[in-house]
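Fold and geometry: a report
If you want the building blocks of each chain, they are given just below.
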Amino acid sequence: MQPYQQLKRQIMLLATLAALLALVVSVVVGRSVTRPVARLADAARRIEAGDYAENLAVAGDDELSDLANAFNRMQGGIAEREQRIRHQAQHDTLTGLPNRVHALSLLEAALEHARSSDTRCAVLLLDLDRFKEINDTLGHAFGDSVLEEVGRRLRNAIDSDDRLARLGGDEFLVLIGDTDQASAQERAWSIIRALEAPLDLSERQAQVSIGASIGLTLYPLHATSADALLRRADIAMYEAKQAQRRVAVYQTGHDETHLRRIGLISDLRRARERDELRVFYQPKVDLRSGRVAHAEALLRWQHPALGTISPDEFIPLAEHCGLIHEITAFVLAAGLQQASAWREDGLEIGLAVNLSPMDLLDARLPDRVAGLLQAHRFPAQELILEITESTVMRDVQSALITMRALRALGVRLSIDDFGTGHSSLAQLRSLPVDEIKIDKSFVMRLDTNPEDTVIVRSAIEIGHNMGLVVIAEGVEQSGSLEILQRLHCDMVQGYFFSKPVPAEDFRRWHDDFQANASTRSEQIA
Ligand SMILES: Nc1nc2c(ncn2[C@@H]2O[C@H](COP(=O)(O)O[C@H]3[C@@H](O)[C@H](n4cnc5c(=O)[nH]c(N)nc54)O[C@@H]3COP(=O)(O)O)[C@@H](O)[C@H]2O)c(=O)[nH]1
């Protein structure tokens, strides 16, 4: 029995040892599998939380190491894609510059820095001139190339500490830290100069000239919040554009004008469909025949709340917001319809219509004019289009293309506001025009200001030497009329004859004028 008991104890001992060994082995094996799996689970949680900083340590070359390597590659891929998405959300795809959203956070950061370091910073809002025409006439792809090149020029023009962004469309923002007004203005001018040379669009084998206007505000002088600084920079930019000053610093108190402007722009978009636009007519009188040669179409806006708005105020707004082509088309159509109706009714006069600077850069204008002349069966030579001298001189080459195309239709052209645009005689001689209109600022005080007589006399001589018809506008007094007759001016226009009036009043005025022809010829002759 004893040997049996001993054997049994030995078997029990061996069995216990075997069981213990199995337990130890299973714990060791289990740990070598669960530890890496737990580390992978931790890494997955980090990635989920957006933390891609740490890679998993990889040792050995078993299946678990392969899995860890795959995890690291996946983490790298996600990090890269996330970085790309973040960059795309904050940058403009065309120029690669920070976009509006990012620009605002850059501005907030710049303001925060200026506040904490008690320094000043400047906001420069840049808007390209003529970009809309380039886009409209040469196409959006061409416009995109222009924006890319402008982005490159601006990058080169700014200092390394400045921040540059594209706010959208043709609007760019430059932030300058730790600066003062004089230095910021100097920087603005160097940016303007950088855009002066024609843009070389090599991929399109084209060159295009484009200018810019910059509005400037300073923190904390002009405002302390990002929103107000940007808004006031926009006000200054508009003023720079209107006054053709290129760079303007915000002037305190100009916000109300800006608010009225914004309101008017939004109302102007609906003015036509609400039937608030009216064309008035003012006579252009031929001094030799004593007859009315043309009726000049002058637009009026009858605003339902603000009353009559002057074209001096709303035409620049229409140009700014891209409505001017629509407005010009409206005046041309309404004027031609009215003048045709008068002609059918025995009143054989021509029509004069004003073109705005932007119309002259619109390559589609000649076709539109041709279509309207045909639609109203109006003789082309009886239509005279008035273009201001400064408009033509701003971009003579582009203006010439449209002017020649209009002239080819038989339409006549007049240089309006003559004497104010500083054009040289050589430039004038090269223009395909038929008439010059001496600006009213030289004519209105002709009877009392001898210096004006000198200017008007030389303008008449210049016009006649070039074989052009000369008209003087702003004739208010009989004394001025007499001087113009003595100086052999061909035509006159002004309140002395009639203010611009609605079509029915014009017709009545004209019939009276004709009926009193003999009395008048004594007066005029
Ligand atoms: N592109 C377009 N421009 C237009 C259009 N309609 C008008 N305008 C331009 O707006 C400016 C102001 O025009 P308006 O208030 O109509 O003034 C005209 C005349 O009333 C004024 N005038 C004429 N005679 C006299 C005068 O004896 N005294 C005096 N104080 N003012 C007078 O001059 C304006 C005519 O200007 P002009 O075109 O130079 O002949 C003006 O620049 C208009 O051109 C439009 O449809 N499109």
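Cut-off values and rules
Residues numbered from 1 in each chain as written. Predicted model: local features only at pLDDT ≥ 70, side-chain atom pairs only at ≥ 80, totals over all residues. Heavy atoms only, no water. Phe/Tyr/Trp six-rings, centres within 6.5 Å; stacked < 30°, edge-to-face > 60°. Helix = DSSP H or I, 4+ residues; strand = E, 2+ residues; numbered from the N terminus. Buried < 20%, exposed > 50% of the residue type's maximum accessible area, 1.4 Å probe, protein only. Lys NZ or Arg CZ within 6 Å of the ring centre and 35° of its normal. UniProt positions renumbered as here; feature names shortened; annotations may be inferred. Core = buried A, V, L, I, M, F, W, Y, C linked by side-chain atoms within 4.5 Å. Contact = heavy atoms within 4.5 Å. Near = heavy atom within 4 Å. Polar contact = N/O pair within 3.5 Å; in protein donor to acceptor, adjacent residues only side chain to side chain. Areas by Shrake-Rupley, 256 points an atom, 1.4 Å probe, with all protein chains shown as cover. Nonpolar A, V, L, I, M, F, W, Y, C, P; charged D, E, K, R; others polar. Domains from an automatic or database assignment. Patch = residues over 30% accessible without salt bridge, like charges linked within 9 Å, V, L, I, M, F, W, Y side chains within 5 Å. Salt bridge = Lys/Arg side-chain N within 4 Å of Asp/Glu carboxyl O. Lys, Arg positive; Asp, Glu negative; His and termini not counted. Charge placed at Lys NZ, Arg CZ, Asp CG, Glu CD. Axes fitted to C-alpha atoms, helices over the stretch in contact; angles between N-to-C directions. Parallel < 35°, antiparallel > 145°, perpendicular 65-115°, else oblique. Left-handed = near helix turned anticlockwise from the far one by under 90°.

**Here we look at the packing of aromatic side chains**
This structure, assessed with the given rule, holds eight aromatic pairs. An angle of 75° between the planes, with centres 6.2 Å apart, marks the rings of F497 and F513 as edge-to-face. Of this pair, F497 sits in the loop between β16 (491–493) and α18 (503–515) while F513 sits in helix α18; the two residues are 16 residues apart in sequence, bridging distant segments of the chain. F513 shares its class with F497; the two are buried. Here a set of aromatic residues connected by ring pairs shows up, and it is made of Y281, W342, F496, F497, F506, W509 and F513. Positioned above the aromatic ring of Y238, the side-chain terminus of R261 is 3.4 Å from the ring centre. Positioned above the aromatic ring of Y495 is the side chain of K499, whose terminal nitrogen or guanidinium carbon lies 4.8 Å from the ring centre.

**As for the UniProt feature "domain: HAMP" (unreviewed entry) in the protein**
This chain's UniProt record puts "domain: HAMP" (unreviewed entry) on residues 31–83. The annotated region residues 31–83 carries 74% helix and 0% strand content, and the separation between its end C-alpha atoms amounts to 37 Å.

**Comments concerning the nonpolar core**
Residues L383, L431 and L484 are the most contacted members of the largest nonpolar core, which totals 84 residues. The element contributing the most residues to this core is helix α10 (residues 324–344), with eight residues. Among all residues touching L484, those that are not within four sequence positions of it are V443, L446, V456, I460, A472, V475, C489 and V492. The next biggest cluster of nonpolar side chains, apart from the first, holds 34 residues, and it includes A122, L164, F172 and A206.

**Description of the site of the ligand**
Neighbouring the ligand are 25 residues; R300, N354, K437, E473 and E476 lie closest to it. K440 places a polar side-chain atom, nitrogen or oxygen, 3.0 Å from an oxygen atom of the ligand. Protein contact buries 88% of the 820 Å² of open area that the ligand shows by itself. For the shell around the ligand, the secondary-structure elements that each account for two or more residues are β9 (292–303), α9 (311–320) and β13 (412–418). A breakdown of the residues in the shell around the ligand according to their chemical character gives 10 nonpolar, five polar and 10 charged.

**Digging into the domain arrangement of the protein**
In terms of domains, the protein is made up of domain 1 (2–90), domain 2 (100–252) and domain 3 (268–429 + 491–513). Each of domain 1 and domain 2 has a C-alpha centre, and these two points are 57 Å apart.

**Concerning a negative patch on the surface**
A contiguous patch of negative charge, built from D61, D62, E63 and D66, is present on the exposed surface. Positionally, D62 belongs in the loop between α1 (2–48) and α2 (63–90).

**As for the side chain of D267**
Considering the arrangement of structural elements, one finds D267 in helix α8 (residues 255–271). On the basis of relative accessible area, D267 is assigned to the buried category, the value being 18%.

**Here's the deal with the packing of α10 against helix α11 (residues 365–375)**
Close contact between α10 and α11 brings their axes to 10 Å; oriented N to C, the two are set at 25°. Between α10 and α11, the crossing angle belongs to the class labelled roughly parallel. Where α10 crosses over α11, the handedness of that crossing is right-handed. In this structure, α10 uses H325, A329, L332, A333 and L336 to contact α11, whose residues at the interface are R368, V369, L372 and L373. Among the residues making up the contact of α10 with α11, the classes are represented as seven nonpolar, one polar and one charged.

**Thoughts on a nonpolar patch on the surface**
Taken together, the side chains of L13, L14, L17, L20, L23 and V27 make up a nonpolar region of the molecular surface, amounting to roughly 600 Å² of accessible area. Summarising the element assignment, L17 is placed in helix α1.

**Concerning the packing of helix α3 (residues 100–117) against helix α7 (residues 226–242)**
Two numbers describe how α3 lies on α7: the axes approach to 10 Å, and their chain directions differ by 110°. Judged by the inter-axis angle, α3 sits roughly perpendicular to α7. Seen from above, α3 lies across α7 with right-handed handedness. Within the contact between the two elements, α3 uses L104, L107, E108 and L111 and α7 uses A226, L229 and L230. In the contact of α3 with α7, the residues fall into six nonpolar, no polar and one charged.

**Comments concerning helix α4 (residues 131–138)**
For an α-helix, 3.6 residues make a turn, and residues three or four places apart therefore share a direction. What α4 keeps buried is the set F131, E133, I134 and N135. The secondary structure elements touched by the buried residues of α4 are β1 (121–128), α5 (140–157) and β5 (206–208). Immediately beyond the C-terminal end of α4, within one or two residues, lies G139, with a positive phi of roughly 100°.

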